[in-house]
Amino acid sequence: MLEQDERIAKFLDAIDRDAQERRRQIEAQVDQANAEALERAKAEAQAQAQQLIRKELYKQRVAVNQKFAKEAASLRTALAGRRTEIADQVFLEAEQSLRAFTEKPEYQAFLSGSAARCAALLPQGESAVLLVREADIPLADALRAAFGRPCEVRADASIRIGGLKASCEAKGLVADDTLDNRLQNQHGWFLEHAGSVSYTHLTLPTKA
């Protein structure tokens, strides 16, 4: 009887040890699963955080780019307006200088030279007309002489500053050597290059 009890006790003890071993294995598996799940959760949280950071950085870059573009457009508009103001002032001063030039003795020589240049541009043997300011009509004889062949001299109200035009109406040709035209031709060049040159004074060709 005693021997049987010992065998039973040993059997129960073995069962208990096996149960404890199984419990340890299960606990170890649970701990490992928990650890792996925690690592996955951390990795996912980190990925989500990085994604959120990237989104925020992208939003900030977009906002900065939009602000920069808006400010750049505003500056370009302001610069264009300022350039136009400067151009208007420079050309107003240039026009005043040219008007003053037309009051000087050298102006008649300039007109005669202009008539000679225009004569070379128009075909020979065709009637020609010289167009000048009303104020320059008294110089008609000198201009016809400089032109070198018969021509008519007329007043042209479109010539505001000075100089002359020569036209061959039969051929539909016009040679425009007015100071008005010279100044206008400078205007486009000035606006194109105003950002890269000094424009304190504008030099215009008033002589041949």
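Scroll up to find the structure.
Reading guide: rules and limits
- Residues numbered from 1 in each chain as written.
- Predicted model: local features only at pLDDT ≥ 70, side-chain atom pairs only at ≥ 80, totals over all residues.
- Heavy atoms only, no water.
- Helix = DSSP H or I, 4+ residues; strand = E, 2+ residues; numbered from the N terminus.
- Contact = heavy atoms within 4.5 Å.
- Areas by Shrake-Rupley, 256 points an atom, 1.4 Å probe, with all protein chains shown as cover.
- Pairing = 2+ DSSP bridges.
- Right-handed = clockwise from strand over helix to strand, strands pointing away.
- Salt bridge = Lys/Arg side-chain N within 4 Å of Asp/Glu carboxyl O.
- Phe/Tyr/Trp six-rings, centres within 6.5 Å; stacked < 30°, edge-to-face > 60°.
- Buried < 20%, exposed > 50% of the residue type's maximum accessible area, 1.4 Å probe, protein only.
- Axes fitted to C-alpha atoms, helices over the stretch in contact; angles between N-to-C directions.

J.: Teacher, can you tell me more about the overall build of the chain here?
T.: Scanning the chain for helices and strands turns up 4 helices and 4 strands. Reading the chain from its N terminus to its C terminus gives the helix and strand order α-α-β-α-β-β-β-α. Excluding contacts between residues fewer than 6 apart, the proportion of contacts in the chain whose partners are at least 24 apart in sequence is 62%. Carbon and sulfur atoms make up 55% of the accessible area of the chain, which amounts to about 14600 Å² in all.

J.: Would you take a moment to explain the pairing of strand E2 (residues 152-155) for this structure?
T.: For a regular strand, side-chain orientation follows a simple rule: the groups alternate between the two sheet faces. Note that strand E1 (residues 129-132) and E2 share 4 bridges and pair parallel. Looking at E2, one finds that leucine 130 is bridged to valine 153. Handedness of the crossover joining E1 and E2 through helix H3 (residues 140-147) is recorded here as right-handed.

J.: Quick question: what am I supposed to make of the pattern of salt bridges here?
T.: In the structure shown here, the tally under the stated rule is 11 salt bridges. We note a salt bridge from glutamate 56 to lysine 59, for which the minimum N-O separation is 3.7 Å. One end of the pair, glutamate 56, and the other, lysine 59, are both in helix H1 (residues 2-101), 3 residues apart, so they sit about a helical turn from each other.

J.: Explain the environment of alanine 100 here, please?
T.: Tracing the chain through its elements places alanine 100 in helix H1. Linking alanine 100 and isoleucine 161, residues 61 residues apart in sequence, is a C-alpha distance of 9.5 Å.

J.: Looking at this structure, I do not really get the side chain of glutamate 95. What am I missing?
T.: Counting through the fold element by element, glutamate 95 comes out in helix H1. Apart from the residues within four sequence positions on either side, glutamate 95 is in contact with Arg160, Ile161 and Leu183.

J.: Looking at this structure, I do not really get the packing of aromatic side chains. What am I missing?
T.: We describe a pair of aromatic rings using the distance from one ring centre to the other and the angle between the two ring planes. For the structure shown, the criterion picks out 3 aromatic pairs. Here phenylalanine 101 and tyrosine 107 contribute two aromatic rings whose centre-to-centre distance is 5.9 Å and whose plane-to-plane angle is 85 degrees, an arrangement assigned as edge-to-face. Pair check on accessibility: phenylalanine 101 and tyrosine 107 agree, each one buried. Pairing phenylalanine 101 with phenylalanine 110 gives two aromatic rings, centres 5.8 Å apart and planes at 75 degrees, and the pair type is edge-to-face. Each member of the pair phenylalanine 101 and phenylalanine 110 is classed as buried. Through pairs of rings, three or more aromatic residues link up here, namely Phe101, Tyr107 and Phe110.

J.: Would you mind showing me how to read the sheet that holds E1 here?
T.: Strand pairing within a sheet occurs via backbone hydrogen bonds; the two strands may be parallel or antiparallel. Pairing in this open sheet of 4 strands is mixed, and the strands run E2-E1-E3-E4 from one edge to the other. If you trace the sheet from one side to the other, it starts and ends with E2 and strand E4 (173-176), each paired once. Going from strand to strand, the sheet's axes swing by 20 degrees on average, the running direction of each strand aside. Here strand E3 (residues 165-168) pairs with E4 via 4 bridges, running antiparallel. By the bridge assignment, serine 167 is partnered in E4 with valine 174. Across the sheet, H3 lies against E1, E2 and E3, angled at about 135 degrees from E1, the strand it touches most.

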